[in-house]
Amino acid sequence: MSDPTPYARHAPGSQPPYDAPAYGSTHRRHPKQPLIRAPHTLTETTSPRLTPDRFPPEADMSRVNGKDALGQRIIVAGRVLDEAGRPVPHAMVEVWQANAAGRYHHPGDTHDAPLDPNFLGRARVFTDAEGWYRYTTIQPGAYPWRNHHNAWRPVHIHYSLFGAGFAQRMITQMYFPGDPLLPLDPIFNAVPDEAARNRLIAAFDLDLTVPEWALGYRFDIVLRGPAATPFEEEDHA
Amino acid sequence: MATAQQTAGPYWHMIDFPEWADTTRFGAEGARIALTGIIRDGEGAPVTDAMVEIWHADPEGRYDAAFQGFGRCRTDAEGRFRFTTLKPGPVPGRGNALQAPHVLIAIFARGLMRHLLTRLYFAGEPLNETDPLLALVPPARRPTLIARETAPGVWTLDIRLQGEGETVFLDV
Ligand SMILES: [Fe+2]
């Protein structure tokens with residue numbers, strides 16, 4: 001049996017460190033021992049088959065039982081690609097977010113902002129054969145988070161993605177253009193590379209905008225691609 | 001360049017579905033086992049808001065079979081996760097190696113900028129002695145990856161994110 005193709009290692013600066021001092025919750029949760037570099041075997045290069053028949057899609061967060069949530073209705077769409085530019089088809093994408101007032105439908109969220117009975121704040125969609133995904137929601141609000149004095153998270157939507165191999169599994173956050181809170185946010189700014197940070201910001205897209213209905217935002221996601229050479233794994237072992 | 005990861009935060013339970021902790025819920029043949037443990041932080045305090053995922057082969061060591069060894073579970077107020085699943089078989093490794101039965105564990109949480117990955121092995125498996133990944137781990141730290149059968153069919157592995165007895169985490 002031939003060895004599976006390993007995934008490329010992350011480019012320097014593209015990912016946040018576990019130890020991010022400005023984000024207080026990392027202090028006691030980041031490992032201090034060096035990680036062990038694991039070769040990619042079937043365990044890392046295969047992934048669960050998460051299919052719509054077992055994991056029903058729900059692509060519209062903007063209404064509950066036919067009643068509209070409050071807030072600015074938006075459509076978010078984009079492509080999931082790998083680093084080689086190939087679409088990642090049939091990938092499960094989960095998203096979750098606060099409501100327009102900046103409050104999560106979550107018992108742990110005690111922010112003094114109103115809940116919206118017509119907004120739950122989660123969706124599940126699958127990419128098509130070309131890697132496209134799309135969902136409808138309302139623009140979330142910013143919320144305070146006590147990390148430091150007067151700390152507010154920039155407006156964001158959480159994303160969870162599965163690729164073809166578990167080594168591609170990732171969770172991230174999508175931000176909105178022009179948010180004045182972005183330069184102040186320790187989580188966003190934990191990503192060392194400026195270009196990598198800025199790729200977490202969606203782009204307003206008039207082509208995705210539906211007249212008389214909703215604003216459109218484009219957010220593409222890149223998962224790890226194949227290693228450049230089959231020997232890369234051994235070179236770094 | 002791959003998209004930057006960001007923490008799952010404290011409200012990831014919006015995508016918590018308790019039934020996902022049972023990988024056999026779509027049907028599976030064979031004896032069920034439980035995989036459980038407590039996650040603690042650098043001060044030994046339980047991590048009560050983590051999202052734990054598992055991924056492993058079927059009892060024959062196959063990833064492409066009908067049985068799908070994927071689960072997701074929250075840690076509870078004591079920091080404990082608990083999965084119901086089947087015990088995986090040995091899986092081919094790189095070259096002509098054979099890997100000991102193991103479970104890939106991913107931990108997402110507030111305070112984790114990106115997920116941590118580790119593996120759970122099963123105490124008493126003869127293949128543990130020759131497993132290619134375990135061989136990369138300093139012997140003194142290997143026990144942090146090896147679950148013990150604490151009751152019939154219940155395999156326990158506590159996880160320490162930082163500090164004394166820190167779990168071996170993987171750069172995958
Ligand atoms: Fe959030």
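The paragraphs below set out a description of the structure included in this document. (Residues numbered from 1 in each chain as written. Chains lettered and ligands numbered in written order. Predicted model: local features only at pLDDT ≥ 70, side-chain atom pairs only at ≥ 80, totals over all residues. Heavy atoms only, no water.)

From N to C terminus, chain A includes three helices and 14 strands. When its C-alpha atoms are laid out on the principal axes, chain A stretches across 55 × 45 × 30 Å. Within chain A, the fraction of its 237 residues that count as buried is 54%. Restricting the contact set of chain A to residue pairs at least 6 apart, pairs at least 24 apart contribute 72%. Accessible surface computed for chain A: about 10700 Å², of which carbon and sulfur atoms make up 55%. Mean positive and mean negative side-chain charge positions of chain A (23 and 27 charges, respectively) differ by 6 Å. (Helix = DSSP H or I, 4+ residues; strand = E, 2+ residues; numbered from the N terminus. Buried < 20%, exposed > 50% of the residue type's maximum accessible area, 1.4 Å probe, protein only. Contact = heavy atoms within 4.5 Å. Areas by Shrake-Rupley, 256 points an atom, 1.4 Å probe, with all protein chains shown as cover. Lys, Arg positive; Asp, Glu negative; His and termini not counted. Charge placed at Lys NZ, Arg CZ, Asp CG, Glu CD.)

Now for the coordination of the iron ion. Residue and element names in this part refer to chain A. Taken together, Tyr104 (OH), Tyr143 (OH), His156 (NE2) and His158 (NE2) make up the protein donors of the iron ion, found 1.9 to 2.2 Å from the metal. Geometry at the iron ion is irregular, judged from its four donor atoms and the angles of 92 to 156° they form at the metal. Each donor residue of the iron ion lies on one chain, and together they are spaced Y-x38-Y-x12-H-x1-H. In this pair, Tyr104 sits in the loop between strand 5 (92-96) and strand 6 (122-126) while Tyr143 sits in strand 8 (residues 143-144), placing the two residues 39 residues apart along the sequence. Accessibility assignment for this pair places Tyr104 and Tyr143 in one class, buried. (Donors = N, O, S within 2.8 Å, 3.2 Å for Na, K, Ca; no water. Tetrahedral: all angles 85-135°; square planar, octahedral: opposite > 155°, others 65-115°.)

Once that is clear, we can look at the sheet that holds strand 10 (residues 156-161) of chain A. By definition, the strands of a sheet pair up through backbone hydrogen bonds, in either a parallel or an antiparallel sense. Residues and elements named next belong to chain A. Spatially, 6-5-10-11 is the arrangement adopted by the four strands of the open sheet, whose pairing is antiparallel. Sheet topology places strand 6 and strand 11 (170-175) at the edges, where each strand pairs with a single neighbour. Neighbouring strand axes in the sheet, compared pairwise and without regard to direction, differ in orientation by 25° on average. Where strand 10 lies against strand 11, six bridges are found, and the strand directions are antiparallel. (Pairing = 2+ DSSP bridges. Axes fitted to C-alpha atoms, helices over the stretch in contact; angles between N-to-C directions.)

Residues Met92, Trp96, Tyr104 and Phe166 of chain A together with Phe70 and Leu170 of chain B are the most contacted members of the largest nonpolar core, which totals 42 residues. Elements with a minimum of two residues in this core: strand 5 of chain A together with strand 2 (51-56), strand 7 (102-108) and strand 8 (116-122) of chain B. For this core, the leading source of residues is strand 7 of chain B, giving three residues. With near-sequence residues (within four places) excluded, Leu170 of chain B lies in contact with Leu35, Ile36 and Ala38 of chain A together with Leu117, Thr118, Arg119 and Leu133 of chain B. With 27 residues, the next largest nonpolar core counts Ala69, Tyr133, Tyr159 and Met170 of chain A among its residues. (Core = buried A, V, L, I, M, F, W, Y, C linked by side-chain atoms within 4.5 Å.)

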